[in-house]
Amino acid sequence: MILINLLPPELRKTRRQVDPVLAGWIAAMVISLVPIGAMVWVKQVRLPNAARVAEERQEELQRRTAEAEQVEQERGQIAEFEKHREMIISLLAQKVFWAHTLDDFINHLISPNWQGFEVSCTDLQILPTSTTSAGSRAAKAGGNQKAFSFRGRFKLLGEDKSKAGDYINAFFSRTEASPFWKVQGFEDKPERTYRGDQPEWRKDIDRVAVDFTLEWVRVKNVVTASAKAGR
């Protein structure tokens, strides 16, 4: 089939050829606009965002640094408080309460267990001393210790002069078995420092009097908080 265009030449459609030079310039311009647009986008969008993020990160870094310094300062304060607390606990642990001890001592002296004689303490001195003067149990005990000398002048008044030795033996045995001796931390035996006596018959009171001086040692084991924790 043959198609014949019957229109006049001026009305006929003609095929226009694209100018290759013009097309090349247009392509070159479009390509050149790509990096320019990328640069504009980076400058107008990416760089401001990056600067904002960097500023936020810097502020966060400063805040974190300040918090870390505060934490280190608080740690130093805690360490100082722990040191002071340990010192206070150590002082409290070394403190020896004598009120209960003296109360037990008085109750022991006025006890009705003294059959046939009476016991009194005419002089009493309590002084700090070294643990080397304590008994065997103190020597075997470990850790820090506080020792005190409990030095007293005792007088026994008995009804029978011939039983003066029995009175003294009864005094030592009952003292060792008493709560005063067993609970309060006294070392060794009550007669450890006994050096003898000279019984004297007192006609004015019709009693035999026995005077002697004894020095007992009371030891307290000091256990601090760090020792309890095993540090």
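Residues numbered from 1 in each chain as written. Predicted model: local features only at pLDDT ≥ 70, side-chain atom pairs only at ≥ 80, totals over all residues. Heavy atoms only, no water.

A. Representation of helix H4 (residues 164-177) in the model. For H4, which comprises 14 residues, the first-to-last C-alpha distance of 20 Å matches the rise-based estimate of 20 Å (1.5 Å per residue) to within 8%. Taken as a whole, H4 has its buried residues at Ala164, Tyr167, Ile168, Ala170, Phe171, Phe172 and Thr175. (Helix = DSSP H or I, 4+ residues; strand = E, 2+ residues; numbered from the N terminus. Expected span 1.5 Å × (residues − 1). Buried < 20%, exposed > 50% of the residue type's maximum accessible area, 1.4 Å probe, protein only.)

B. Structural context of the side chain of Thr193. Take Thr193: it is sitting in the loop between helix H5 (179-183) and strand E3 (200-202). The exposure class assigned to Thr193 is buried, which follows from its relative accessible area of 14%. Excluding anything up to four places from it in sequence, Thr193 contacts Thr213, Leu214 and Glu215. (Contact = heavy atoms within 4.5 Å.)

C. Seen up close, the pattern of salt bridges. Counting across every chain of the model gives nine salt bridges. Here Glu72 makes a salt bridge to Arg75, at a shortest N to O gap of 3.3 Å. One end of the pair, Glu72, and the other, Arg75, are both in helix H1 (residues 20-94), three residues apart, so they sit about a helical turn from each other. Residue classification places Glu72 among the partly exposed residues on the basis of a relative accessible area of 49%. As a salt-bridge pair, Arg192 and Asp188 come within 3.6 Å of each other at their nearest N and O atoms. For Asp188, a relative accessible area of 38% gives the class partly exposed. If you follow the salt bridges from partner to partner, you end up with Glu60, Arg64 and Glu67 in one network. (Salt bridge = Lys/Arg side-chain N within 4 Å of Asp/Glu carboxyl O.)

D. Geometry of a nonpolar patch on the surface. Together, Trp41, Val42, Val45 and Leu47 line one region of the surface with nonpolar side chains, adding up to about 350 Å² of accessible area. Summarising the element assignment, Val42 is placed in helix H1. Residue class for Val42 comes out partly exposed when judged on its relative accessible area of 35%. (Patch = residues over 30% accessible without salt bridge, like charges linked within 9 Å, V, L, I, M, F, W, Y side chains within 5 Å. Areas by Shrake-Rupley, 256 points an atom, 1.4 Å probe, with all protein chains shown as cover.)

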